[in-house]
Amino acid sequence: MIRQLALVVCVLVVGGAGWKTVDPARPELSYTADGKLVLPEHYREWIYLTSGLGMSYTPGAVPEHPAFDNVFVNPTAYRAFLATGTWPDKTVLVLELRGSETKASIDQRGQSQSTEIRGIEVHVRDEKLTGKWGFFEFDKGATSASMTARPASCYTCHEAHAAVDTSFVQFYPTLIGLAKEKKTMSAAYLNEMPGAAGAAKVPPAKY
C-alpha cells in the first residue's frame with residue numbers, strides 16, 4: 001500500500017498539469033551582446049530565501065501599504081553555499097519588491113502580498129566584474145538592465161554591513177546559522193554585532 005501511494009505521488013508531481021521544475025539547461029546568468037544583465041524570467045522557481053515588509057535604511061513612519069522584499073537565489077549558488085558557507089562565481093540574487101494590501105479577502109488585519117511588482121533588483125557575483133559583485137536595477141517591464149556604476153551607495157553599504165561577502169545573509173534565516181558554523185561571517189559584520197568594539201549605528205540594508 002505504501003509503495004502504491006508513493007507511485008501515485010510521483011505521478012502527480014511529475015505529470016501534474018501545470019507543474020513546473022527548474023530546467024537545468026536554462027542559463028541562470030546571462031548577458032546581452034552589449035553587456036546588460038538578462039532578467040531571469042523564471043526566478044520564482046529558484047530558491048526562496050526571505051521576505052521583509054517595509055524595511056528601510058533610515059528610521060521613520062511605515063507607509064500604509066509598505067513593500068514586501070522577496071529574495072530568491074539561483075539553485076546552483078544555493079547548493080554551493082550549503083557546502084561552503086560562501087557564494088560562488090555566477091551567484092544571482094533577485095530582490096523582488098512587491099506591493100502589499102489589507103483586507104484582500106477574509107483577513108481583517110495584517111498585510112498580504114499583492115500582484116503589483118514595484119521593482120526588481122539583482123545582485124550578481126561574477127569574477128569578471130570590478131569588485132566581483134554587481135548591482136542591476138530593472139525598469140518596470142524591462143527584460144535587461146545595465147550594471148549600476150561604482151561608486152554607488154548600494155556597493156558601499158553592502159561592503160560595510162553585509163554578513164557574508166557583500167550579501168545580507170543576516171536576513172536569510174535558513175542560511176545565517178550555517179555561515180556562523182562555517183565561520184564565513186565578514187569582519188565588517190562581526191564588528192557591528194552587539195558588544196563589538198566600534199559597532200556602527202547605521203541600520204543595515206537588505207538583500
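Anyway, here's the lowdown on the structure attached to this text. Nothing here was measured: the structure is a model prediction, and the numbers come from that model.

Cut-off values and rules
Residues numbered from 1 in each chain as written. Predicted model: local features only at pLDDT ≥ 70, side-chain atom pairs only at ≥ 80, totals over all residues. Heavy atoms only, no water. Buried < 20%, exposed > 50% of the residue type's maximum accessible area, 1.4 Å probe, protein only. Helix = DSSP H or I, 4+ residues; strand = E, 2+ residues; numbered from the N terminus. Contact = heavy atoms within 4.5 Å. Pairing = 2+ DSSP bridges. Phe/Tyr/Trp six-rings, centres within 6.5 Å; stacked < 30°, edge-to-face > 60°.

### Focus: helix 3 (residues 153–161)
Three or more residues of helix 3 are buried, namely Cys-154, Tyr-155, Cys-157, His-158 and His-161. Buried residues belonging to helix 3 abut strand 5 (112–125), strand 6 (133–138) and helix 5 (187–192).

### Observations regarding the pairing of strand 3 (residues 68–73)
Burial of strand 3 is extensive: 6 of the 6 residues sit out of reach of the surface. Burial along strand 3 is two-sided: Phe-68, Asn-70 and Phe-72 facing one way and Asp-69, Val-71 and Val-73 facing the other are all buried. Of the pairings in the sheet, the one linking strand 2 (residues 47–53) to strand 3 comprises 6 bridges and is antiparallel in character. For Ile-47, the partnering residue across the bridge sits in strand 3 and is Val-73. Across 6 bridges, the pairing between strand 3 and strand 4 (residues 91–101) is antiparallel. Counted as the bridge partner of Asp-69 is Leu-97 from strand 4.

### Comments concerning the packing of aromatic side chains
Scanning all chains against the criterion turns up 5 aromatic pairs. Grouped by ring-pair contacts, the aromatic residues Tyr-43, Tyr-48 and Phe-72 constitute a single cluster.

### A few points about the environment of Ala-77
Along the chain, Ala-77 turns up in helix 2 (residues 75–84). Linking Ala-77 and Thr-91, residues 14 residues apart in sequence, is a C-alpha distance of 5.2 Å. Those residues in contact with Ala-77 that lie beyond four places of it in its chain are Trp-87, Pro-88 and Thr-91.

### Some details on unusual backbone geometry
At the junction of Arg-150 and Pro-151, the peptide bond is cis and its omega measures out at -5° in the coordinates. In this fold, Pro-151 is placed in the loop between strand 7 (144–145) and helix 3. In this structure, Lys-90 is a non-glycine residue whose phi angle is positive, near 75°. Its relative accessible area of 32% is what places Lys-90 among the partly exposed residues. Notably, Lys-132 is not glycine yet its phi reads approximately 70°, a positive angle. Along the polypeptide, Lys-132 turns up in the loop between strand 5 and strand 6.

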